[in-house]
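A closer look at the structure
Residues per chain, in single letters:
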Amino acid sequence: MTPGICLAGLVPDALTPSKESVRAAVDAAAAAGFDGMSIWGTLLPLVADDPAKAGAHLESLGVPVRMVEGAFSWATDCTDDEARAEGRAVVEMAEAVGASLILAVCLGPSLTAQSVARERLSELAALASKAGATVCVEFLPWSGIPTLRAVWELVGPLEDVGLIVDTWHWQRQPGGPDPAALELVPAARVRCLQLSDAPARASGELMEETMTARLLPGDGDIDFTPVVDWLSPVQPWVAPEVFNPGLVTDRGVGRAASDSYAAAVRVMGG
């Protein structure tokens, strides 16, 4: 198995990034041997001055963009026109960089009416399909879509919408890991598995932990076996997403990238 990388995890100042830190992360990802990347739309302009140039540059380094992040307005109480405008922009970005996946997520503590969210996702998925991309929804423990069960309830009827499963979110979802939910969700609908680790129990505020204290896969208490076994027949794209600025600054971005690669391979049994 050759993993990809969620680039923001290699950028220690990801929320206020510099051109230097982003380009150092890109070079480290390429040197580590990742097969591609998921990238925040906010980081792309720091790779090159337009998305097409950024995509071509990353392709030339051997780390093509596999997923862009992402679509957010569909989940909010914005107007339909506002949701459509953001949707068009993210699809255009994905098409420009050659990405086959588009992350869609609810960032807030509540979700707009489920019927509205589902209709907007369906429309976004149809637009993305014309550009050769698939929309995938990720659940976040603190959000209006907090669990695997909740995201499946939303997207289950939408056959052209996929899922993203993040093992940190799996561990921290309300109620904790839920192996019984794996029997409800067809593994084939999962298009990306994001890997990181965590202690068994949270300490402090979830948002702070998720953005600053994730562990390399295998360095914490998450039991990866149920999720890995569930997904092994379909083999979705796998990418570590380890938000831990201290890890990057202490080890250096090059070693952080190579350690992330090795940890992902170990956890996946490859």
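Structure: above.
The following refers to the structure shown. (Residues numbered from 1 in each chain as written. Predicted model: local features only at pLDDT ≥ 70, side-chain atom pairs only at ≥ 80, totals over all residues. Heavy atoms only, no water.)

Between two packed helices, both the angle of their axes relative to each other and the distance between the axes serve to describe the pair. It is the contact of helix 1 (residues 19–32) with helix 10 (residues 253–267), at a shortest axis distance of 8 Å, that shows an interaxial angle of 45°. Of the possible angle classes, the one that applies to helix 1 and helix 10 is oblique. Read as a crossing pair, helix 1 and helix 10 show a hand that is right-handed. Judged by residue contacts, A24, A25, A28, A29 and A32 of helix 1 engage V253, G254, A257, S258 and Y261 from helix 10. Residues that form the contact of helix 1 with helix 10 fall into these classes: 8 nonpolar, 2 polar and no charged. (Axes fitted to C-alpha atoms, helices over the stretch in contact; angles between N-to-C directions. Helix = DSSP H or I, 4+ residues; strand = E, 2+ residues; numbered from the N terminus. Parallel < 35°, antiparallel > 145°, perpendicular 65-115°, else oblique. Left-handed = near helix turned anticlockwise from the far one by under 90°. Contact = heavy atoms within 4.5 Å. Nonpolar A, V, L, I, M, F, W, Y, C, P; charged D, E, K, R; others polar.)

Okay, the pairing of strand 3 (residues 65–71) next. If a strand is regular, its side chains alternate between the two faces of the sheet. Where burial is concerned, most of strand 3 is hidden: 6 out of the 7 residues are buried. Both strand 2 (residues 37–40) and strand 3 contribute to a ladder of 4 bridges, which runs parallel. The residue bridging I39 from the neighbouring strand is V68, located in strand 3. Following the chain from strand 2 across helix 2 (residues 51–60) to the adjacent parallel strand 3, one finds a crossover that is right-handed. Both strand 3 and strand 4 (residues 101–105) contribute to a ladder of 4 bridges, which runs parallel. (Buried < 20%, exposed > 50% of the residue type's maximum accessible area, 1.4 Å probe, protein only. Pairing = 2+ DSSP bridges. Right-handed = clockwise from strand over helix to strand, strands pointing away.)

What follows is about empty space enclosed by the protein. Counted according to the given criterion, the structure contains 1 cavity of 30 Å³ or more. The volume enclosed by the largest cavity comes to roughly 40 Å³. Lining the largest cavity, in full, are I5, C6, G9, L10, P240, V242, L247, V248, A256 and S260. Across the lining of the largest cavity, the residue classes tally to 8 nonpolar, 2 polar and no charged. (1 Å grid on protein atoms, 1.4 Å probe; cavity = no way out; pocket = protein on both sides within 12 Å on 5 of 7 lines; lining within 4 Å. Points joined across faces, edges and corners; volume = space filled by probe spheres on them.)

Our focus in this paragraph is the nonpolar core. Counting residues in each nonpolar core, the largest one holds 85 residues, and the members touching the most others are W74, L148 and W230. Counting residues per element, this core draws most heavily on helix 1, which supplies 6 residues. Membership of the second largest hydrophobic core comes to 11 residues, among which are M67, L101, L140 and I164. (Core = buried A, V, L, I, M, F, W, Y, C linked by side-chain atoms within 4.5 Å.)

This next bit is on helix 4 (residues 114–130). Spanning 17 residues, helix 4 covers 25 Å between terminal C-alpha atoms, matching the ideal 24 Å at 1.5 Å per step. Those residues of helix 4 lying buried are A117, R120, L121, L124, A125 and A128. One side of helix 4 holds all its buried residues, which, seen down the axis, span an arc of 140°. Exposed side chains of helix 4 directed beyond 90 degrees from the buried face belong to S115, E119, S129 and K130. Buried residues along helix 4 sit in contact with strand 3, helix 3 (80–97), strand 4, strand 5 (134–138), helix 5 (148–155) and strand 6 (161–166). One or two steps after helix 4, the chain reaches G132, where phi turns positive at roughly 80°. (Expected span 1.5 Å × (residues − 1). Arc of directions from axis to C-beta.)

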